[in-house]
Amino acid sequence: MMHNKTLSELSAALKAGEFSSTELTQSYLSRIADLDPLVNGYITVSKEPALAAAKLADQQIAAGEAGPLTGIPLAQKDIFCTKGVKTSCGSKMLDSFISPYDATVIENFNKAGSVMLGKTNMDEFAMGSSNETSFYGAVKNPWNTAKVPGGSSGGSAAVVAARLAPASTGTDTGGSIRQPASLCGITGLKPTYGRVSRYGMIAFASSLDQAGPMTRTAEDAALMLNCMAGFDARDSTSVERDVPDYTKDLSNSLEGLTIGLPKEYFGEGLDALVGKAVEEAIAEYKKLGATVKEISLPNTHLAVPTYYVVAPAECSSNLSRFDGVRFGYRCAEPVDLEDLYKRSRGEGFGAEVKRRIMIGTYALSAGYYDAYYIKAQQLRRLISDDFKRAFEEVDVIMGPTAPEPAFGLGEKSNDPITMYLSDIYTIAANLAGLPGMSVPAGFVNDMPVGLQIIGNYFDEARLLNVAHRYQQVTDWHQRVPTQFK
Amino acid sequence: MSLTQDDVKKIAHLARLSISDADIPSYEKELSNILGLVEQMSAVDTSDVAPMAHPLDMAQRLREDKVTEENHREDYQAVAPSVEKGLFLVPQVIE
């Protein structure tokens, strides 16, 4: 079955001529037509461009010019601008927006010859942890369609879990790759801040946003990151630093690896069964030769409050570009310019986006700036310093990705604060700018649980190595939800 | 920290967001709750801590001052709600 193959298996099969990229793409398009209505993972399916790209890839393969991703179908989060294809960011504001240019990430995948199946559903402007804030309706978790897939990259996680794409892209501002990966039982990697270009990736919080791969295996994530990572002059915070071949060290021995377990990640608020699954994963690592050390990240409890100043402040500034003038939604019959701004924004944005814009506006307003924004930036340093100290003693940090397995649709959507606490273990890595992964590590009540692995700056190769070795001795990442086998 | 309905109206105006009167009470409650969560920050003494604006210690990259972009005006204006003769149209501002 084509849809059960990993990227590296698909790549080998395409080169060996077992099937063509056109056949593979058609097979995925027909699975999407049949099964996507169950999960609502795609906002747009780009059938014609996909078949055209597949045809081109088949010619490249026939000419012996194929790279590792040539002819491989992928799903792209609808936050990346895609030339000629609707780019909505999950919002009514951009419902009619056809991007005039490609994001660098998209350009990289196009150059590599991969095939875009479509654009995945997401929380509006990436603000949410359940995918329920999307203008296009909630995404459902393929393991139980009464539950959420996590967010904001919930569509990207669901389509990989449901085998409606072999791999996808996501973005992570406070956990938006890792938390849905955990809740849907897939592998997700948020790279170091600045590793992947943000050009053409619709901005939420510019000092936190980072794009990364969402895949079935760590090996596939390495193949994707090889294509995504790199310096880009068009992103002012892109890092000028060589990109290693992330597949090279996947099989390195873990003998002598030191794993730090932050005691704050195993305390109050953690579902006991999730904690048990994570401990069992740690036990596997000990068998692989790793040693474990208890550490402390004493400012962990401040990560969520700090984030809910920094991220809304940056979002209120970034989203000021949506003004009904140059692109996006415009209200009907504005009476004057202020009415045009206010109603275009008031009607175009959903409730959660408006809440965050208002919190950010308040935190940045005269008289409150020092008490909120400067204070949050000071705490951000304390949180970041906790990690610096920890990485003097340990190679990687492990813990749960999310405090509990997927919750029910509607269960938390009326209570923003409870929803925000879904990201309690993931937010700190964004504030510090560190890379983090989520890897399938078991099931609780038939729902997947993720193990989070946080690494030092630019240590993605080690994270992938650590994740890959675990996937060699476990099969959690190979499980498929029954309806999507 | 608790906001009043007038605060909500003032913030919505600063953010140029129209909010219906019926929605004001729920924004008042939710925004107050979020600020309550954020309030935990004040328990920590940070008087000696330098603010961290950005995760990586890096200087702003500079480039030569020359035109590198091509003209994309037609492409970019094709997605605008209202355009005439290369200009974005808005309601009349000056009488």
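As a further point, take the overall build of chain B. Along chain B, the regular secondary structure elements total three helices and two strands. Helices and strands appear in chain B in the N-to-C order α-α-α-β-β. By the compact-globule yardstick of 12 Å for 95 residues, chain B is too spread out, its C-alpha radius of gyration being 22 Å. With respect to the principal axes defined by its C-alpha atoms, chain B has extents near 55 × 45 × 25 Å. Expressed as a percentage of its 95 residues, the buried residues of chain B come to 17%.

Attention now moves to the pairing of strand 10 (residues 436-444) of chain A. Residue and element names in this part refer to chain A. Of all the nine residues making up strand 10, seven are buried; the element is thus mostly covered by neighbouring parts of the structure. Here strand 5 (residues 187-190) pairs with strand 10 via three bridges, running antiparallel. In the sheet register, Gly188 faces strand 10, and the bridge partner there is Ser438. The pairing of strand 10 with strand 11 (residues 447-455) spans seven bridges and is classified as antiparallel. Pairing of Ser438 across the sheet is with Gln452, part of strand 11.

Let's shift gears to the nonpolar core. Residues and elements named next belong to chain A. In this structure, Leu117 and Ile453 are the most contacted members of the largest nonpolar core, which totals 162 residues. The element best represented in this core is helix 9 (residues 303-318), accounting for nine residues. Excluding anything up to four places from it in sequence, Leu117 contacts Tyr28, Leu29, Ile32, Val45, Ser46, Ala50, Pro73, Leu74, Ala75 and Ala165.

Below, the discussion takes up the environment of Pro142(A). All names here are of chain A. With respect to the helices and strands, Pro142 occurs in the loop between strand 3 (115-120) and helix 5 (154-161). The spatial distance from the C-alpha of Pro142 to the C-alpha of Thr482 is 8.7 Å, given a sequence separation of 340 residues. Here Pro142 is in contact with Val39, Ala158, Ala161, Ala162, Cys184, Pro481 and Phe484, once residues within four sequence places are set aside.

To continue, consider the packing of helix 7 (residues 218-228) of chain A against helix 15 (residues 460-473) of chain A. Residue and element names in this part refer to chain A. In the contact formed by helix 7 and helix 15, the axes pass within 8 Å of each other and the chain directions differ by 155°. As the angle between them shows, helix 7 and helix 15 are arranged roughly antiparallel. Facing Ala218, Glu219, Ala221, Ala222 and Leu225 of helix 7, the residues of helix 15 in contact are Glu460, Leu464, Ala467, His468 and Gln471. Taken together, the residues of the contact of helix 7 with helix 15 break down into six nonpolar, two polar and two charged.

Residues and elements named next belong to chain A. Helix length check: helix 15 (14 residues) gives 21 Å between terminal C-alpha atoms against 20 Å at 1.5 Å per residue, within 8%. Along helix 15, ten of the 14 residues are buried, which leaves the element largely enclosed by surrounding structure. Residues of helix 15 that are buried include every one of Glu460, Ala461, Leu463, Leu464, Asn465, Val466, Ala467, His468, Arg469 and Tyr470, and no others. Tucked into the core, helix 15 has its buried residues touching strand 5, helix 7, helix 8 (272-287), strand 9 (396-400), strand 10 and strand 11.

Right, let's get into the packing of helix 2 (residues 21-39) of chain A against helix 3 (residues 47-62) of chain A. For any two helices packed against each other, the geometry comes down to the angle between their axes and how far apart the axes lie. All names here are of chain A. Relative orientation of the contacting elements helix 2 and helix 3 amounts to 155°, with a least axis distance of 8 Å. Taken as axis vectors, helix 2 and helix 3 run roughly antiparallel relative to one another. Contacts from Ser21, Thr22, Thr25 and Leu29 in helix 2 reach Lys47, Ala50, Leu51, Ala54, Lys55, Ala57, Asp58 and Ile61 in helix 3. Of the residues contributing to the contact of helix 2 with helix 3, the split by class is six nonpolar, three polar and three charged.

Turning next to the pairing of strand 4 (residues 167-172) of chain A. All names here are of chain A. With six of six residues buried, strand 4 is to be regarded as a mostly interior element. Here strand 4 shows a buried face lined by Ala167, Thr169 and Thr171 and a second buried face lined by Ser168, Gly170 and Asp172. Two elements, strand 4 and strand 6 (residues 210-215), share six bridges in a ladder whose sense is antiparallel. Paired with Thr171 across the strands is Ala211, a residue of strand 6.

Attention now goes to the interface of chain A and chain B. Taken residue by residue, the interface counts 53 residues in chain A and 40 residues in chain B. Listing elements by their share of the side of chain A that touches chain B, those giving two or more residues are helix 9, helix 10 (337-348), helix 11 (351-364), helix 12 (369-393) and helix 13 (416-420) of chain A. Of all the elements, helix 12 of chain A adds the most residues to the side of chain A that touches chain B, at eleven residues. A class-by-class count of the residues in the side of chain A that touches chain B yields 29 nonpolar, 13 polar and eleven charged.

Keep in mind that most residues, glycine aside, have a negative phi and that most peptide bonds are trans. All names here are of chain A. Each neighbour pair has its own omega, and for Gly151 with Ser152 the value is 10°, a cis peptide bond. Position of Ser152 relative to the elements: it lies in the loop between strand 3 and helix 5. Although it is not a glycine, Asn131 adopts a positive phi angle of roughly 65°. Tracing the chain through its elements places Asn131 in the loop between strand 3 and helix 5. On the basis of neighbour count, Asn131 is assigned to the buried category, with 35 C-beta atoms found within 10 Å.

Considering every residue of chain B, the mean pLDDT works out to 93; 99% of them sit at 70 or more. Ranking the helices and strands of chain B by mean pLDDT puts helix 1 (residues 5-14) of chain B first, with 97, and helix 3 (residues 73-77) of chain B last, with 93.

Here helix 9 of chain A is 16 residues long and its end C-alpha atoms lie 22 Å apart, about the 22 Å a rise of 1.5 Å per residue gives. Judged by how many residues are buried, helix 9 of chain A sits mostly within the fold: 14 of 16 residues are covered.

About the cut-offs
All residue numbers here refer to positions counted from 1 along the written sequence of the relevant chain. Each chain is given a letter, starting from A, and each ligand a number, starting from 1, according to the order in which they appear as written. Since the coordinates come from a predicted model, pLDDT governs what is reported: local features require at least 70, and pairs of side-chain atoms require 80 or more to be given and counted, while whole-chain, interface and lining totals use all residues. Numbering of helices and strands runs from the N terminus, with a helix taken as a DSSP run of H or I at least four residues long and a strand as a DSSP run of E at least two residues long. As a reference, a globule follows 2.2 Å times the number of residues to the power 0.38, and the radius of gyration itself is taken over C-alpha atoms. Residue burial here comes from a neighbour count, namely the number of other C-beta atoms, placed from the backbone, that lie within 10 Å of the residue's own C-beta, with 20 or more meaning buried, 12 or fewer meaning exposed, and in between meaning partly exposed. For two strands to count as paired, DSSP must find a minimum of two bridges between them. Think of a nonpolar core as buried Ala, Val, Leu, Ile, Met, Phe, Trp, Tyr and Cys residues chained together by C-beta atoms that fall within 7 Å. Think of it this way: build a C-beta for each residue from its backbone, and any pair within 7 Å is a contact. Axis angles are defined between N-to-C directions and span 0 to 180 degrees, where every axis is a line fitted to C-alpha atoms and, for a helix, only to the segment in contact. By definition in this entry, angles of less than 35 degrees are roughly parallel, angles greater than 145 are roughly antiparallel, angles of 65 to 115 are roughly perpendicular, and the rest are oblique. Each residue is assigned to one of three groups, with Ala, Val, Leu, Ile, Met, Phe, Trp, Tyr, Cys and Pro labelled nonpolar, Asp, Glu, Lys and Arg labelled charged, and all others, Gly among them, labelled polar. For a helix, the expected span equals 1.5 Å multiplied by the number of residues minus one. Per-residue confidence from the predictor is reported as pLDDT, which spans 0 to 100.

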